[in-house]
Amino acid sequence: MVGKADIMDSALPGGLGGTYAGSPLACTAALSVLEIIEQEQLCHRAVEIGQLFKDKLSAMRRELPCISEVRQVGAMIAIELDNPRNGEPLAHVTKQLVTACAQQGVIILSCGVKGNVIRFLPPLTIDSETIEKG
């Protein structure tokens, strides 16, 4: 680090040059976030949201054989789209789905190395009606 000598020399040893030391303001903010997570039971809500999505998407999978997999950890959910006849990734269908959803006001993300995965990342404050509508 470089700076004026009077500023650089005023810090105590180890007081400059590292992000690992922790800022009191950042620590206070982090503690507040943890309190909110606990008060609003957001970990439990993540499980509820994930189950709602998983139930709906699993039902869709029975009707749409191109959904080859539904996977979910908490409120992070994904579906994989593959050709049911040969298992080939359906990247072009995935792109079409992203575009069609955007035209309806629903933003979804495509991902995956083959471009055939839709990832859902709803906020933990989402209500069940909004999930149903989406």
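Described in the following lines is the structure provided in the data block. Keep in mind the model is a prediction, meaning the values are calculated, not measured.

**Quick notes on the pattern of salt bridges**
Right, on to step 1. As enumerated under the stated definition, the model contains 4 salt bridges in all.
Right, on to step 2. In this structure, R71 and E69 form a salt bridge, with 2.9 Å as the shortest nitrogen-oxygen distance.
Right, on to step 3. Using a relative accessible area of 31% as the deciding quantity, one classes R71 as partly exposed.
Right, on to step 4. In this structure, E80 engages R71 in a salt bridge whose closest nitrogen and oxygen atoms are separated by 2.9 Å.
Right, on to step 5. Residues joined by salt bridges that share partners form a network here, namely E69, R71 and E80.

**Remarks on the sheet that holds strand β4 (residues 117-120)**
Right, on to step 1. The strand order across the open sheet formed by 4 strands is β1-β2-β4-β3, and the pairing between neighbours is antiparallel. Each of the sheet's edge strands pairs with one partner strand only, and the pair in question is β1 (67-73) and β3 (109-111). Neighbour to neighbour, the strand axes of the sheet diverge by 25° on average, direction disregarded.
Right, on to step 2. Taken strand by strand, helix α3 (residues 42-63) contacts β1, β2 (76-81) and β4, and its axis lies near 170° from that of β1.
Right, on to step 3. Relative to the sheet, helix α4 (residues 91-103) contacts β2, β3 and β4, its axis offset from that of β4 by approximately 35°.

**Details of the layout of surface pockets**
Right, on to step 1. Estimates place the volume of the largest pocket at around 740 Å³.
Right, on to step 2. Secondary-structure elements contributing two or more residues to the lining of the largest pocket are α3, β2, α4, β4 and α5 (128-133).
Right, on to step 3. In terms of residues, the lining of the largest pocket owes the most to one element, α3, which gives 5 residues.
Right, on to step 4. Across the lining of the largest pocket, the residue classes break down as 21 nonpolar, 4 polar and 4 charged.

**With respect to the nonpolar core**
Right, on to step 1. By size, the foremost hydrophobic cluster in this structure holds 17 residues, and its most contacted members are I49, F53, L57, I79, L81, I118 and F120.
Right, on to step 2. Looking at this core, the elements with two or more residues in it are α3, β1, β2 and β4.
Right, on to step 3. Per-element tally for this core: the top contributor is α3, with 4 residues.
Right, on to step 4. When near neighbours in sequence (up to four residues on either side) are disregarded, L57 contacts V70, I77, I79 and F120.

**Observations regarding the pairing of β1**
Right, on to step 1. Bridge count for β1 against β2 is 6 bridges, and the pairing is antiparallel. Within β2, the residue paired with V73 across the bridge is M76.
Right, on to step 2. If you look at the hairpin formed by β1 and β2, you'll find 2 residues sitting between the two strands, and G74 has a positive phi there, around 60°.

Criteria and thresholds
Counting starts from 1 at the beginning of each chain's written sequence and moves along it residue by residue. Reporting in this predicted model follows two pLDDT cut-offs: at least 70 for local features of residues, and 80 or more for side-chain atom pairs to be given and counted; totals over whole chains, interfaces and linings ignore these cut-offs and use all residues. Each side-chain value is derived from all of the structure's non-hydrogen atoms; neither hydrogens nor water enter the calculation. We count a salt bridge whenever a side-chain nitrogen from Lys or Arg sits within 4 Å of a carboxyl oxygen from Asp or Glu. Relative accessible area decides the class of each residue, using a 1.4 Å probe on protein chains only: under 20% of the type maximum gives buried, over 50% gives exposed, and in between gives partly exposed. When DSSP finds at least two bridges between two strands, those strands are taken to pair. Secondary structure follows DSSP: runs of H or I at least 4 residues long count as helices, runs of E at least 2 residues long count as strands, and numbering of each begins at the N terminus. Here an axis means a line fitted to C-alpha atoms, over the contact stretch when the element is a helix, while the angle between two N-to-C directions is reported on a 0 to 180 degree scale. In what follows, a contact means two residues having at least one pair of non-hydrogen atoms within 4.5 Å. Put plainly, a pocket is an open set of points on a 1 Å grid over the protein atoms alone with protein on both sides within 12 Å along at least five of seven lines, a cavity is a set where a 1.4 Å probe fits but cannot get out, and a lining residue has an atom within 4 Å of a point. Grid points are joined across faces, edges and corners, and a volume is the space filled by probe spheres set on the points. The residue classification treats Ala, Val, Leu, Ile, Met, Phe, Trp, Tyr, Cys and Pro as nonpolar and Asp, Glu, Lys and Arg as charged. All others, Gly included, are polar. Here, nonpolar core refers to any group of buried Ala, Val, Leu, Ile, Met, Phe, Trp, Tyr and Cys residues whose side-chain atoms link them within 4.5 Å.

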